[in-house]
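This is what each chain is made of:
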Amino acid sequence: MQVVIDFTARALSVLLAVVPSPTPQGGAPIATPPPTTAPATSAPASTPTAVPARTAPPTAAATLAPSPTPVPTAVRPAAVAIVWHMPAAPSSDQSVRAAAIALSAPDTLGAIERALHAHPRARFSLTIDASALAGLQSAAEGDSALQTLVAGHLVGGARADLMRVLAQVPVLDASLAMTPAARRYRSLAAAAPLALAGQRSATFTSSDYVEFAGLGALVRLAAAGEPSSASDLSKNALTGEQAAAALTQLAAADRKALDELKQLAQAGQLEIIADPANEPILPLLIDGGGKTGANIVMVNAAADAAMLSDQALHAATALQTNAAGLYSPHGAYDDATATMLEQHHAAFALFSDRVLRSSPIGGSRAAVIAADTAAFHSYAIHAAAGPALASLFWSQDDGAAISVLPPGLSANAMGDRVTELARAAGARGGEILVLRIEAEGLWNRRADRARVVDALAAALASDRAPSTTIAQFVHAHPPTISSYGFAPAADAGNLSYWMGTLNQARMWTALGDARQAAGGDAALQRETTRAALFEAEASRWYLTPDMIAPQSEVDRLMGQFRALIAHIYQDAGKQAPSGIAPLTPEPTPGARPHQ
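Residues numbered from 1 in each chain as written. Predicted model: local features only at pLDDT ≥ 70, side-chain atom pairs only at ≥ 80, totals over all residues. Heavy atoms only, no water.

Overview of the overall build of the chain
Put simply, the test is: In this text, helices come from DSSP runs of H or I with a minimum length of four residues, and strands from runs of E with a minimum of two, each type numbered from the N-terminal end. When checking whether two residues touch, look at their non-hydrogen atoms; a contact exists if any pair is within 4.5 Å.
Along the backbone of the chain there are 22 helices and twelve strands. Contacts in the chain between residues far apart in sequence, at least 24 positions, make up 76% of those at least 6 positions apart.

Structure follows, in structure tokens:
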């Protein structure tokens, strides 16, 4: 049976015929070019010549009047939806996640908020995972691992995770970098990895922990442009009271960031897009991405994926007046994911356009054009009976290129590049250009990063690159292009990148076995079991076996993963198996599909 899919924009008029494959994920698109008609030809026009009179003297040959130069038609740039992506904090401890967002919010969120206030016509979207939103609320109330560390009560893995967060020093301008507070903070940040590695020469004392937290707060507030006393930055040591006072200032800045986030979201200038906590790979939880193979594990956790999505949608909707769309972590897509999002009433779904370009859509010119312009339109995905799911695809390559703009470029470089991309998309018939920018990308490694965000907002506020949010665009332009049958894929290679090796299969098997031992879907009814399951389903774990890092770091992360799996068994009153997810050398190293 053939399902006809129209991937085209009005200007392209490209029709793709798609034959669904028998695999669980749905159809594998095969493009067939539309019939073409040979262009009509016409006889060349004759050139007029002058005929001399018999009696008159010869005259010059007549010449044709020059044709007027056609006035080029102005190309209307595509509307631009900028989606800032704030990655999930790499910790299983919620208080550490609250500390991470507490330290970054005045700088990262603050720059976005100040730029929108300065340029009211600009629009931004923000993907921030549900646990970070909960952490920001806690941080605004002065409740995070930072306060616990200063009080001397943070120990074990949570303290180690917080030290890794504090060791990530933002780029400082020259005047701030030379202050005693910044120099002492950088010294502690440099010693933290050595102390975590067990080197005695870098052992932290209780006062070192206090100063690390307090100076980290002071320096980050100053880097974000938040008012602070010059006398605070002149200190190269802090007492417990002074560190606590610095954390109080940080909490006030976090409260301001949260309040402005709500204000801008309710005004429609900043769109919050739901992002499941810890950014799991949803298709792999649901049905293994619809794939089969030696290393494909059926976790049978579709209920988990649905609950994670519901929680994310609820957290985003609570901050704005309109229903929220959902960002599929890592751009991962398959038909079952689309069906789940449709059934759980996501206003729209956002995937990577690599989903299309990695699908077998055919090698015709029409098929290539359709895939290359996927980020220029909204689509109605028909993955199940009922209303279609409005979906958009961010431009993976363009967004990645912007995220790694060299810090040495001018502050206007990002805005200029987005303007060029909008014009190019408009010239190709594009209605919208969706760009995901990593909030912690290489472009952010500069002291004037807030100016970069401001210059981008200024460009979007002009007519050079009309600004929109995804929800506003979908509301004004309901999708008229229908699609069905994309193959499963993600923005970091295809789904085999996350479930494609023997060691990864062992980790997924350990998760699935523990979930089954805890009662399957019934395990979600117990809060402590559910929390451990959701933590173990975070995408970051499944990159561990092949990560480029010292063996000690791999062992540390695998130890944390195994502890989560053991907790699921213990919470169900069962004995955890010995040797959870053992790692062994892969039989075919280097065979991972990096696209």
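Description of the side chain of Ser 91
Cut-off, in case you're wondering: Exposure is judged per residue with a 1.4 Å probe applied to protein chains only, and the accessible area is read against the type maximum: over 50% gives exposed, under 20% gives buried, and values in between give partly exposed.
You can see Ser 91 is positioned in the loop between β4 (79-86) and α1 (94-104). For Ser 91, a relative accessible area of 3% translates into the label buried. In this structure Ser 91 touches Val 96, Arg 97, Asp 161, Glu 535 and Arg 540, once residues within four positions along its chain are discounted.

With respect to the packing of aromatic side chains
Note the threshold: Side-chain rings of Phe, Tyr and Trp (the six-membered ring for Trp) are treated as a pair once their centres are within 6.5 Å; stacked means planes under 30 degrees apart, edge-to-face means over 60, and tilted covers the remaining angles.
Going through the model one piece at a time under the given rule, you end up with 13 aromatic pairs. Ring geometry for Trp 84 versus Trp 443: centroids 5.7 Å apart, planes at 50°, classification tilted. With Trp 84 in strand β4 and Trp 443 in the loop between β11 (432-438) and α18 (449-461), this pair connects stretches of sequence that are 359 residues apart. With respect to burial, Trp 84 and Trp 443 carry one shared label: buried. Measuring from ring centre to ring centre gives 5.9 Å for Tyr 185 and Phe 212, while their planes differ by 50°; the resulting arrangement is tilted. One end of the pair, Tyr 185, is in helix α7 (residues 180-196); the other, Phe 212, is in helix α8 (residues 206-223), with 27 residues separating them in the sequence.

Some remarks on helix α16 (residues 396-403)
Helical geometry: 3.6 residues make up each α-helical turn, so side chains three or four residues apart lie on a common side. Put simply, the rule reads: Here the arc refers to the directions that run from the helix axis out to each C-beta atom.
Taken together, the buried positions of α16 are occupied by Gln 396, Gly 399, Ile 402 and Ser 403. The buried side chains of α16 occupy one side of the element, clustering within an arc of 135° when seen end-on.

So, the packing of helix α5 (residues 156-166) against α7
Selection rule: As a rule, the C-alpha atoms of each element are fitted with a line to give its axis, helices using only the stretch in contact, and angles between N-to-C directions run from 0 to 180 degrees. Note on angle classes: values under 35 degrees are labelled roughly parallel, values over 145 roughly antiparallel, values of 65 to 115 roughly perpendicular, and the remainder oblique. Should the near helix be turned anticlockwise from the far one by less than a right angle, the crossing is left-handed, and should it be turned clockwise, the crossing is right-handed. Classification convention: Asp, Glu, Lys, Arg as charged; Ala, Val, Leu, Ile, Met, Phe, Trp, Tyr, Cys, Pro as nonpolar; all other residues, Gly among them, as polar.
One way to put it is that α5 packs onto α7 with a least axis distance of 9 Å and a crossing angle of 140°. Between α5 and α7, the crossing angle belongs to the class labelled oblique. The handedness of the crossing between α5 and α7 is left-handed. Counted together, Ala 160, Met 163, Arg 164 and Leu 166 of α5 and Tyr 185, Ala 189, Ala 192, Ala 195 and Leu 196 of α7 form the full contact between these two elements. Grouping the constituent residues of the contact of α5 with α7 by class yields eight nonpolar, no polar and one charged.

Structural notes on the sheet that holds strand β9 (residues 379-381)
We apply this condition: Strands pair, by our definition, only if DSSP identifies at least two bridges between them.
In spatial order, the strands read β7-β8-β10-β9-β12; together these five strands make up an open sheet with mixed pairing. What marks the edges here is a single partner per strand, and that holds for β7 (326-327) and β12 (481-483). Where β9 lies against strand β10 (residues 389-394), three bridges are found, and the strand directions are antiparallel. Residue pairing across strands places Ile 381 opposite Leu 389, the latter belonging to β10. Where helix α13 (residues 335-343) meets the sheet, its contacts fall on β7, β8 (349-352), β9 and β10, and the angle it forms with β10 comes to roughly 125°.

So, the sheet that holds β11
The sheet built from four strands is open, its strands ordered β6-β5-β4-β11 with parallel pairing. Two strands lie at the open edges of the sheet, namely β6 (270-273) and β11, each paired on one side alone. The sheet shows a mean angle of 25° between the axes of neighbouring strands, direction not considered. Bridge count between strand β5 (residues 124-128) and β6: four bridges; the pairing is parallel. Counterpart to Phe 124 in the pairing with β6 is Leu 270.

Digging into the nonpolar core
For soluble globular proteins, the rule of thumb is that nonpolar side chains tend to be buried together. Here is the rule: Buried Ala, Val, Leu, Ile, Met, Phe, Trp, Tyr and Cys residues form a nonpolar core when they are joined through side-chain atoms within 4.5 Å.
In this structure, Ile 82, Trp 84, Phe 124 and Ile 565 are the most contacted members of the largest nonpolar core, which totals 125 residues. Top contributing element to this core by residue count: helix α22 (residues 551-571), with nine residues.

A word on the confidence of the model for the chain
As a reminder, the rule being used: Values of pLDDT, the confidence the predictor places in each residue, fall between 0 and 100.
Here the chain averages 86 in pLDDT, and 83% of its residues register 70 or above. Low pLDDT (under 50) marks residues 589-595, which in the prediction has 15 contacts with non-local residues, meaning those over four places away or in another chain.

Regarding the pairing of β11
Most of β11 sits inside the fold, with six of its seven residues counted as buried. Both β4 and β11 contribute to a ladder of seven bridges, which runs parallel. Looking at the pairing, Ala 81 lines up with Val 434 of β11.

Observations concerning the pattern of salt bridges
How we decide: Any carboxyl oxygen of Asp or Glu within 4 Å of a side-chain nitrogen of Lys or Arg constitutes a salt bridge here.
This model, assessed by the stated rule, comprises 18 salt bridges. The salt bridge involving Glu 438 is made with Arg 436; its shortest N-O contact spans 3.4 Å. On the basis of relative accessible area, Arg 436 is assigned to the buried category, the value being 10%. In this structure, Asp 448 engages Arg 446 in a salt bridge whose closest nitrogen and oxygen atoms are separated by 2.6 Å.

Concerning helix α12 (residues 302-317)
Note the following rule: A helix is expected to span 1.5 Å multiplied by its residue count minus one.
For α12, with 16 residues, the first-to-last C-alpha span of 22 Å sits near the 22 Å given by 1.5 Å per residue. Those residues of α12 lying buried are Asp 304, Ala 305, Ala 306, Leu 308, Ser 309, Ala 312, Leu 313, Ala 315 and Ala 316.

Let's talk about the pairing of β8
Stated precisely, the cut-off is as follows: Here, the term right-handed applies to a crossover whose path from the first strand over the helix to the second runs clockwise when the strands point away from the viewer.
Burial along β8 is two-sided: the residues Ala 349 and Phe 351 and Leu 350 and Ser 352 are all buried. Here two bridges tie β7 to β8, and the two strands are oriented parallel to one another. Counterpart to Tyr 327 in the pairing with β8 is Leu 350. Taken together, β7, α13 and β8 constitute a β-α-β crossover, and its handedness is right-handed. Note: β8 against β10, four bridges, orientation parallel. Counterpart to Phe 351 in the pairing with β10 is Phe 393.

A closer look at the side chain of Glu 342
Looking at the element boundaries, Glu 342 is found in helix α13. With residues up to four places along the chain from it excluded, the contact list for Glu 342 reads Ile 381, Ala 383, Ala 384, Ala 385, Gly 386, Pro 387, Ala 388 and Leu 389.

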